[in-house]
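The lines below spell out each chain.
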Amino acid sequence: MDGLLSLIKRQGSSGGKKAVASVALLALGSTFEMVSEHSSELKKEIADWQDGVVMLLGVFPDGPAMSVKKENGGIRFLGMGMCDADLKVLFKNLDSAMMVLTGQMGAHTAFAQCRAVVYGNLGAGMQLSRALNIVQKFILPSFMLNRTFKRPPVFSSDDLLLKARVMATLAPRMISGVMRRQCL
Amino acid sequence: MNPEYYEFFCSVKIISGKKALSNLPYEMGLLGAGNAMIITDQGVVGAGLLEHVKAAFDGATQKIGVVFDQTPIDSSVKVVNELAALYREKKCDCVVAVGGGSCLDTAKGVNIVISEGNGDLMAFQGMDRLTAAPKPFIAIPTTAGTGSEVTAAAVIADTERGVKMPFISQKLYPHVALLDPRMTLTMPPRITAATGMDALTHALEAYYGIQKNPVSDSFSLTAIRLINRYLITAVKNGADEQARMAMANASLCAGIAFSNSMVGIVHALAHATGGCCHVPHGVANTIYLPWGMEFNLEKRHEIIAELAPYFGVAAGGDPRAAASGVIRAVRDMRRELNAICKLPLTLKDAGVDESKLEHIAKSSLDDGSITYNPEEVTFEDALAILKKAWDKE
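What comes next is a walk through the structure.

Inspection of every chain in the model, using the stated rule, returns 4 aromatic pairs over all chains. Ring geometry for B:Phe8 versus B:Phe219: centroids 5.9 Å apart, planes at 10°, classification stacked. Taken together, the positions of B:Phe8 in the segment before β1 (13-16) and B:Phe219 in helix α7 (residues 214-236) put the pair 211 residues apart, joining distant regions of the chain. Its relative accessible area of 28% is what places B:Phe8 among the partly exposed residues. With a centroid separation of 5.6 Å and an interplanar angle of 55°, the aromatic rings of B:Phe9 and B:Tyr173 are classed as tilted. Placement of the pair is B:Phe9 in the segment before β1 and B:Tyr173 in the loop between β8 (163-168) and β9 (176-179), with a sequence separation of 164 residues. Of the residues examined, B:Phe9 reaches a relative accessible area of 32% and is grouped as partly exposed. On the basis of relative accessibility, which here comes to 5%, the residue B:Tyr173 falls in the buried class. Directly above the aromatic system of A:Tyr119 lies the positively charged group of B:Arg129, at a separation of 4.1 Å from the ring centroid.

See below:
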């Protein structure tokens with residue numbers, strides 16, 4: 001937290017937003033990997049993704065960004081930073097990214113308000129968007145899900161157990177995520 | 001209800017009315033062009049419409065460099081690259097598209113290749129990928145439905161890779177749209193009906209979708225008013241120039257609306273049905289429109305109820321009842337069109353095999369239009385709509 005505060009002080013408002021967006025993307029990426037191992041809903045959603053496909057979510061023009069890769073039927077979180085990807089979903093600016101990544105705005109609203117663009121196949125963009133909605137279900141609190149989703153998600157008992165595990169392991173997973181090789 | 005944020009863009013110069021085509025050389029001159037590549041298809045040539053275009057160049061300093069009249073039903077990368085090479089070979093400096101959605105999409109693809117100087121269209125897939133200034137581009141629609149002459153989108157098929165590539169960029173807008181009554185007079189009744197219903201679907205989905213905004217609303221409402229007043233007349237009496245021009249303008253207004261407030265579940269299902277079962281886009285939209293409106297009724301009944309006066313439905317009172325009245329009016333319009341020209345009202349009548357419904361439902365979820373639909377759409381939701389639309393009106 002001290003590091004985050006000093007970054008905010010050093011870089012001003014933009015630096016603070018970058019730091020918050022980075023943390024949110026790190027949480028999203030590492031949770032994506034974990035949920036893909038345990039959630040039957042997410043497994044079904046990504047079943048048709050081509051093995052080896054790399055997808056990136058980030059902020060235009062140079063990040064922060066995180067990317068994931070479909071590997072052995074699951075998702076591997078590649079790490080933070082811009083990289084070559086088969087599909088990129090980019091927020092046009094940090095303010096727009098902040099609204100979505102901090103649960104103030106749903107992804108569909110961000111697209112309706114022209115706050116994000118897709119580089120690559122739009123169908124693949126839809127698939128990534130649906131998958132990220134499933135991942136968000138496990139990291140956002142219910143009041144945010146109710147506010148930002150068109151139809152609030154339904155939780156099975158397995159989902160609730162997984163959500164508890166996700167929250168309990170979030171911090172160590174994020175630390176481990178930071179260590180991963182950054183895309184360049 | 002004002003949205004908390006919206007964007008709106010349309011850069012197209014619109015020239016509409018009697019002998020509008022005669023302005024083609026003049027408009028080319030304003031754009032600094034003198035040698036046109038005309039992209040059209042056999043339907044346009046067969047109907048004698050190209051002769052009107054050629055006649056417009058009589059006595060002009062601008063000329064036609066080359067005419068390509070073999071545009072396929074689905075625009076393809078192969079055709080686009082061949083045309084880009086032809087454009088360079090004939091030293092053209094302007095693209096003129098004469099036809100329906102396919103000709104206009106092909107022309108947009110050609111303009112991407114010649115402007116960006118890169119034949120690999122895959123590199124430009126997605127949104128806002130184009131950076132080079134587009135070459136002069138004039139659109140002359142011969143149908144009244146796609147609105148492609150005023151939209152920022154194109155879909156080009158890569159038949160070798162087996163994918164359809166969507167492109168969205170404000171650099172895809174034509175510089176000029178020329179609407180001339182002579183160009184739609186020969187459209188057969190059923191195509192007039194289907195394309196008119198396509199335009200109505202654009203206007204309605206844009207009006208009740210989540211991207212709606214005050215500017216797109218005004219274009220939607222104009223389109224809805226014109227379609228309600230003139231579509232049946234245009235289908236019954238194709239020679240009625242007033243009705244034809246009204247429908248051309250309705251299609252244009254609906255195009256401007258949905259280019260700035262995207263469509264929803266009806267279009268997602270129609271795109272998937274077209275890809276899977278080759279049902280014409282306007283026919284598929286006709287079939288799905290009332291079902292899609294009903295699907296969104298819970299969330300959008302107040303907005304749909306605002307349209308009651310345009311459909312001759314009693315306004316005021318219970319908005320849910322008024323919205324249901326609008327949907328009934330849409331169904332009545334479809335039935336009337338079916339009685340006049342046998343426009344299909346169910347998937348069964350359109351030749352769709354029931355075994356394809358699950359495939360259509362799954363494909364529809366990957367269509368970008370779903371994002372802008374007010375209600376969340378799951379596979380089960382899409383399938384439920386398809387099952388109703390299969391054999392019910």
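Having put the structure on the table, let's press on.
Now for the pattern of salt bridges. As enumerated under the stated definition, the model contains 21 salt bridges over all chains in all. For the salt bridge of A:Arg76 with A:Glu71, the shortest nitrogen-to-oxygen distance reads 2.8 Å. A:Arg76 sits in the partly exposed class, given a relative accessible area of 35%. Here B:Arg335 ties to B:Glu393 by a salt bridge, and the two come within 3.6 Å at their closest N and O atoms. In this pair, B:Arg335 is assigned in helix α12 (residues 319-341) and B:Glu393 in the segment after α14 (379-391), connecting sequence segments 58 residues apart. Through salt bridges with shared partners, a single network forms among A:Arg151, B:Lys299, B:Glu375 and B:Asp381.

Time to look at the sheet that holds strand β3 (residues 63-68) of chain B. Residue and element names in this part refer to chain B. On the basis of which strands lie adjacent, the open sheet formed by 6 strands has the order β1-β9-β6-β4-β2-β3 and parallel pairing. Edge positions in the open sheet fall to β1 and β3, since each of these has one partner strand only. Going from strand to strand, the sheet's axes swing by 20° on average, the running direction of each strand aside. Sitting on the sheet, helix α4 (residues 77-89) touches β2 (35-39), β3 and β4 (94-99), and the angle it makes with β2 is about 160°.

Residues and elements named next belong to chain B. Viewed as axis vectors pointing N to C, helix α6 (residues 189-208) and α12 meet at an angle of 165°, and their least axial separation amounts to 10 Å. Taken together, the axes of α6 and α12 lie roughly antiparallel to each other. The hand of the α6/α12 crossing is left-handed. Together, Pro189, Arg190, Ala193, Met197, Leu200 and Leu204 of α6 and Val330, Met333, Arg334, Leu337 and Cys341 of α12 make up the contact between the two elements.

Here we come to the interface of chain B and chain A. Between chain B and chain A, the residue contacts involve 29 residues of the former and 22 residues of the latter. Both faces combined, the contact of chain B with chain A buries some 2300 Å², and carbon together with sulfur accounts for 50% of it. Sorting the residues of chain B by area buried against chain A places B:Tyr5, B:Met127 and B:Asp366 first, and these three jointly supply 24% of that buried surface. At the boundary of chain B and chain A, one finds 5 salt bridges. Between A:Arg151 and B:Glu375 there is a salt bridge whose closest N-O contact spans 3.5 Å. Our count for the chain B to chain A interface comes out at 17 residue pairs in polar contact (both at pLDDT 80 or more). Mapped by element, the contributors of at least two residues to the side of chain B that touches chain A are β5 (126-127) and β8 of chain B. For the side of chain B that touches chain A, the element with the most residues is β8(B), which contributes 3 residues. Each residue belonging to the side of chain B that touches chain A can be placed in one class, and the counts come to 10 nonpolar, 7 polar and 12 charged.

How each quantity is defined
- Residues numbered from 1 in each chain as written.
- Chains lettered and ligands numbered in written order.
- Predicted model: local features only at pLDDT ≥ 70, side-chain atom pairs only at ≥ 80, totals over all residues.
- Heavy atoms only, no water.
- Phe/Tyr/Trp six-rings, centres within 6.5 Å; stacked < 30°, edge-to-face > 60°.
- Helix = DSSP H or I, 4+ residues; strand = E, 2+ residues; numbered from the N terminus.
- Buried < 20%, exposed > 50% of the residue type's maximum accessible area, 1.4 Å probe, protein only.
- Lys NZ or Arg CZ within 6 Å of the ring centre and 35° of its normal.
- Salt bridge = Lys/Arg side-chain N within 4 Å of Asp/Glu carboxyl O.
- Pairing = 2+ DSSP bridges.
- Axes fitted to C-alpha atoms, helices over the stretch in contact; angles between N-to-C directions.
- Contact = heavy atoms within 4.5 Å.
- Parallel < 35°, antiparallel > 145°, perpendicular 65-115°, else oblique.
- Left-handed = near helix turned anticlockwise from the far one by under 90°.
- Buried area = accessible area lost by both parts, 1.4 Å probe.
- Polar contact = N/O pair within 3.5 Å; in protein donor to acceptor, adjacent residues only side chain to side chain.
- Nonpolar A, V, L, I, M, F, W, Y, C, P; charged D, E, K, R; others polar.

Function cannot be read off these values alone, since they describe shape.
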